[in-house]
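Close look at the chain arrangement
Spelled out, the chains give:
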Amino acid sequence: MNILVINCGSSSLKFQLIDSDSEKVLAKGLCERIGIDGSRIVYQPAGGEKETTEAPMPTHTEAIKLVLDSLIDANKGVIKSLDEIGAVGHRVVHGGEKFAKSTLITDEVIKAIEECNDLAPLHNPANIIGINACKELMPNTPMVAVFDTAFHQTMPEEAYIYGIPYEYYEKYKVRRYGFHGTSHSFVSKRAAEMLGKPYDSLKTIVCHLGNGASICAVDHGKSVETSMGMTPLEGLIMGTRSGDIDPAIVEFIAKKENKTAEEVLKILNKESGVQGISGFTSDFRDIEEGIEKGNKRAKLAMDVFAHRVVRYVGAYIAQMNGVDAIVFTAGLGENDKTIREMVCSHLEFLGVKLDDAQNSKRGEDLIVSTDDSKVKVLVIPTNEELMIARDTLALI
Ligand code: AMP
C-alpha cells in the first residue's frame, strides 16, 4: 500500500509517498513559503530529477493539492490516481498527556490535538491545518497522527515533574514531555536489531544531534528520560536554541535590554545555542570550517555543545544504572565523526572504544565501536517518515 507522509509546518510542508511493502520512497518533496509571496513546490520522483515550480499557495489546501497533482501527473507522477494512496500519516508535534501512541484520526482526535495547542503554539495549529486540508481533498482516505511526544509518555513521574508548585502541573499540565520521539523510537529499535538483541533487553542512549537536538534514555524498550522538556527549548545546546539555562536569566536580560519575556524567549529559541555562541552560524559544517581556520568562538560553540552532550549521557547512564548501547543520529550525529570522538573520549572509563575506520564511514547503519568495546556505539541514520508510514500501516 502507498502511504503519504505529511509533515506540516506553519509556512512549509514536507511530504513523502512510501510504498509500505518495499518501504521505498516513491516520491518526495516540500512546499515552501505557503501563504507568503514566492511560494514554490520542490518535487522529486524516485530516481528522477528534482524539480522546483513556483505556484501560488495561499493556504495549505493549495499546497497539498499541488502535491497530489504532482503525484498523479502524467509525466512526473508515480501513481495513476489518488485511489492508490491507501492512507495518510501526519507528523503531529505535541500530543500532551492525551496521546501515548499514534492514533487513527477522527473528529474527536482533531479536537484533542487542538486542546494541546497551548503546549506547542507554533507547531500544533499547523499540523491541524495539514490534517484538515487532506481531509478536504481526500475525504475517504484514512489518516493517522504520529506524535513527537508519544514515545516519551512512558517516563516515570520523577523524570517528568518539574520542581515548581505541583498545582501548575494539575492546572496547566506543565511537565516534561520530550520530543523527537519518532526518531528515538526508530533508532533504538534499529540498534537492537543490529546488535541481534531483544529490544526489551537493552539499556540504550540515543543522541539525536541535528539542528534540533535531544538525548533519550531507552530502558528495556521504554523512554525513561529525555532532555527536551515541556517545549523543545530545554536540554542540549542546539543550532539556535539555548537549551538549559538558569531561568532567572530571562528576567535579568529582559530588564537589562528593555525587552519583554516573550522577546527574550524568542532570542533563546532563534538566536542562541551554536548561533549565539559562535556569533556567525547555526550550522555545524560552518563551525568545523571555522575551527579549522582558527576561529575561537567556533571552537567554543563546539566545546560547549559537546560538554552538554557528555553531561546528559553521563546522567542517563546513572539513571539507568548502566548502558549497553549509545547511538548517534540526525545531521551532526550521523555525519560528524569528531562529535562522536569528543563524547566517547569521556566514556573510556566504562570501556567504550571507538573503531576509527568504522567511525570514519558515513551514511549507513554502522557499529562504530571495536569488537571488545564494553558498550556498543552505533551510528544509525534516522528515518522519521518511514516510522510514520509503519505506524500508519499498523493502525489502518
Ligand atoms: P538535521 O536537523 O538532523 O537535519 O541536522 C542539521 C544539522 O546537521 C546541520 O545544521 C549541520 O550542522 C549538521 N550536519 C549536516 N551534515 C553535516 C556534516 N557532513 N558534518 C557536520 N555536520 C553536519
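Our structure is the block above this text.
Every chain is numbered on its own, with residues counted from 1 as its sequence reads. Given that this is a predicted model, residues contribute local features only at a pLDDT of at least 70 and side-chain atom pairs are listed and counted only at 80 or more, while totals for whole chains, interfaces and linings are drawn from all residues. Side-chain figures throughout are based on the complete set of non-hydrogen atoms in the structure, without hydrogens or water.

A few words now on the overall build of the protein. Going along the chain from the N terminus, every DSSP run of H or I of four or more residues is numbered as a helix, and every run of E of two or more is numbered as a strand. A count of helices and strands for the protein gives 15 helices and 14 strands. The globule rule is 2.2 Å times the number of residues to the power 0.38, and the radius of gyration it is compared with is taken over C-alpha atoms. For the protein, whose C-alpha radius of gyration is 21 Å, the value lies close to the compact-globule estimate of 21 Å for 396 residues. Judged by the C-alpha coordinates and their principal axes, the protein covers about 60 × 55 × 45 Å. For every residue, the accessible area (1.4 Å probe, protein chains only) is compared with the maximum for its type, and the residue is labelled buried under 20%, exposed over 50%, or partly exposed between those bounds. Looking at the protein as a whole, 49% of its 396 residues are labelled buried. Note on definitions: a residue-residue contact is assigned when non-hydrogen atoms from the two residues lie within 4.5 Å. Taking the intrachain contacts of the protein between residues at least 6 apart in sequence as the baseline, contacts between residues at least 24 apart amount to 60%. Across the protein, the 44 positively charged side chains and the 57 negatively charged ones have centroids separated by 3 Å. Residues scored as positive are Lys and Arg, those scored as negative are Asp and Glu, and His as well as the terminal groups of each chain are ignored. Lysine's charge is taken at NZ, arginine's at CZ, aspartate's at CG and glutamate's at CD.

Below, the discussion takes up the nonpolar core. If you look at the biggest cluster of nonpolar residues, it comprises 43 residues, and the most contacted ones within it are Ile205, Leu209 and Val313. Every element with two or more residues in this core is listed here: β9 (203-209), β10 (213-219), α10 (284-292), α11 (296-320), β12 (325-329), α13 (337-344) and β14 (376-379). Sort the elements by how many residues they give to this core and α11 lands first, with twelve residues. Residues contacting Val313, with those up to four places away along its chain left out, are Ile205, Cys207, Ile215, Ile326, Val343 and Leu347. For our purposes a nonpolar core is just a set of buried Ala, Val, Leu, Ile, Met, Phe, Trp, Tyr and Cys residues, chained together by side-chain atoms within 4.5 Å. The next biggest cluster of nonpolar side chains, apart from the first, holds 36 residues, and it includes Ile34, Ile105, Ile128 and Ala133.

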